[in-house]
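Tertiary structure, described
Chain by chain, the residues:
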Amino acid sequence: MTLDPASLTERTFVDLTPGEIAAAYNVAYANYVLPFVVDAAWAASNTPRHDINPHASSVWYTPAGDIAAMAVLGQRGSDGWIGGFGIANDLRGQGLSAWLIDATIANARAAGITRLWLEVITTNAAAIRVYERAGFSHTRTMLVLRSPTDASDDSAEEQMQRIDLHTARIHRASSVDRPAWQRTIPISVDNDMTMGYRAWQTADGSGLLVTVGELPGTRIADLTADTTQAADNLLRH
């Protein structure tokens, strides 16, 4: 039986609890190309960390009350980011993805978003087709790298200085390349609510490093440098 999207009920994140939002992520990402399971605590922290607009992010429910689809939108000014997108596993293969991406773009426009970004894993061919048919185009390819943190270099410390997040954001805005949405310091972050973000720059101002979290689970949120030497100092730090 084919589901008619007109029969679905849309609820924005404003009307959902963190637990309900987490449940929607888990349904939308069931059998994803990478394991992805979240809980209410993650859902609550994800909204400010990635500047999710709760008024433009929605979950759709079937007449029986089951989760059918989800689309999450982050927003920074007129820039937007699709931070979650998926159809319930038992409803896939009915062409609902085309409807969902159209609904997502409509919600983005209604929120004042004029430029929309997303990331997709290169092996997720079905999703890539949906996005390309909706008008998205490939901008660049990003690598996700991992390294042990037990090989510190004290000499790099002398060439680094801690800076506040506001200064880091201004520094990054002057760079030519645009960092991925998840690697950008959220606009909701300030010096009273850092959400685990920390920033350093090289003594000569030629490089910037932003990290999130504590060891051993620290992530490099952003790294930009004018020279190879500056990048090396930042990484050894």
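Attention here is on the structure that accompanies the text. Here the structure is a predicted model, which is why all the values come from computation and not from measurement. (Residues numbered from 1 in each chain as written. Predicted model: local features only at pLDDT ≥ 70, side-chain atom pairs only at ≥ 80, totals over all residues. Heavy atoms only, no water.)

What follows deals with unusual backbone geometry. Look at Asn 31: it is not a glycine, yet its phi comes out positive at around 60 degrees. Its location among the elements puts Asn 31 in the loop between α1 (18–28) and α2 (40–49). Even without glycine at this site, Asp 51 takes up a positive phi of about 50 degrees. (Helix = DSSP H or I, 4+ residues; strand = E, 2+ residues; numbered from the N terminus.)

Our focus in this paragraph is the sheet that holds strand β9 (residues 219–225). Spatially, β6-β7-β8-β9 is the arrangement adopted by the four strands of the open sheet, whose pairing is antiparallel. Each end of this open sheet is capped by a strand with a single partner; those strands are β6 (160–163) and β9. Neighbour-to-neighbour, the strand axes of the sheet open up by a mean angle of 20 degrees, direction not taken into account. Across the sheet, helix α7 (residues 228–236) touches β6, β7 (197–202), β8 (207–212) and β9, and the angle it forms with β9 is around 160 degrees. (Pairing = 2+ DSSP bridges. Axes fitted to C-alpha atoms, helices over the stretch in contact; angles between N-to-C directions. Contact = heavy atoms within 4.5 Å.)

Position of Asp 51 among the secondary structure elements: in the loop between α2 and β2 (58–61). A polar atom in the side chain of Asp 51 sits 2.5 Å from the side chain of Arg 76. (Polar contact = N/O pair within 3.5 Å; in protein donor to acceptor, adjacent residues only side chain to side chain.)

Moving on: the pairing of β2. The alternating pattern of β2 places Ser 58 and Trp 60 on one face and Val 59 and Tyr 61 on the opposite face, and all of these are buried. With four bridges joining them, strand β1 (residues 9–12) and β2 adopt antiparallel strand pairing. Residue Thr 9 lies in a different strand from β2, and its bridge partner there is Tyr 61. In the sheet, β2 pairs with strand β3 (residues 67–76) via four bridges, with the strands oriented antiparallel. Bridge assignment links Ser 58 to a residue of β3, and that residue is Ala 71. Linking β2 back to β3 in an antiparallel pair, the connection comprises five residues, with Gly 65 at a positive phi of about 90 degrees. (Buried < 20%, exposed > 50% of the residue type's maximum accessible area, 1.4 Å probe, protein only.)

Our focus in this paragraph is the pairing of β7. Summarising burial for β7: five of the six residues are buried, a large majority. Of the strand pairs in this sheet, β6 and β7 are connected by four bridges, and their pairing is antiparallel. Looking at the pairing, Met 160 lines up with Thr 202 of β7. Examined bridge by bridge, β7 and β8 share five bridges and lie antiparallel to one another. Each bridged residue has a counterpart across the sheet, and for Ala 199 the counterpart in β8 is Val 210.

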